[in-house]
Amino acid sequence: MQREQFIKAVSEMADQVWDFHERWQFWPFDGPERTPSRAIAERQGILDEEIAELGEAVEADDGEEIAAEAADVLFVALGHVLSLREPGLAGVRSVTEKNAGKTEETHRVRPDTGKLLPIAGKPHKWR
């Protein structure tokens with residue numbers, strides 16, 4: 001895989017997430033009753049199901065199924081971001097910027113999970 005292939009595939013998925021939500025009329029996402037918590041609470045079961053299916057594929061050690069289920073998790077997660085509208089985009093930008101700034105000088109790998117943790121500063125909630 002090359003960088004361009006990865007970026008193109010993820011971009012195409014985001015385009016299809018948009019079309020999927022339009023096709024199934026999962027709109028509107030706006031309105032006074034559409035708080036971020038409510039928007040995500042309505043969708044959380046879908047993501048939980050996809051994560052469980054990914055876990056089952058990992059347990060079965062089925063490489064093709066693992067890849068498909070990982071992509072399903074991403075598709076649904078992108079739908080979560082879309083359902084949040086502008087705050088969702090702000091979250092994407094914030095997380096992208098935050099992760100782009102992580103370096104070997106600022107973070108270390110947590111050995112048991114592989115998660116990056118700050119070397120100094122505020123303790124991470126997973127410690």
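To be clear, the structure that these remarks concern was listed above.
Reading the values: rules and limits
Residues numbered from 1 in each chain as written. Predicted model: local features only at pLDDT ≥ 70, side-chain atom pairs only at ≥ 80, totals over all residues. Heavy atoms only, no water. Patch = residues over 30% accessible without salt bridge, like charges linked within 9 Å, V, L, I, M, F, W, Y side chains within 5 Å. Areas by Shrake-Rupley, 256 points an atom, 1.4 Å probe, with all protein chains shown as cover. Salt bridge = Lys/Arg side-chain N within 4 Å of Asp/Glu carboxyl O. Helix = DSSP H or I, 4+ residues; strand = E, 2+ residues; numbered from the N terminus. Buried < 20%, exposed > 50% of the residue type's maximum accessible area, 1.4 Å probe, protein only.

Draft legend 1. Representation of a nonpolar patch on the surface. Nonpolar side chains collect at one region of the surface, where Met 1, Phe 6 and Ile 7 lie side by side and expose about 390 Å² of accessible area between them. The topology assignment puts Ile 7 in helix α1 (residues 3-23).

Draft legend 2. Expanded view of the pattern of salt bridges. Scanning the model with the defined rule gives 3 salt bridges in all. A salt bridge links Glu 12 to Lys 8, with the nearest nitrogen and oxygen atoms 2.6 Å apart. Here the residue Glu 12 and the residue Lys 8 both occupy positions in helix α1, the gap between them amounting to 4 residues, near one helical turn. Here Arg 38 and Glu 42 are joined by a salt bridge, their closest N and O atoms 3.1 Å apart. With Arg 38 and Glu 42 both in helix α2 (residues 36-60), this residue pair falls 4 residues apart, about one helical turn. Residue Arg 38 is classed as partly exposed on the basis of its relative accessible area of 41%.

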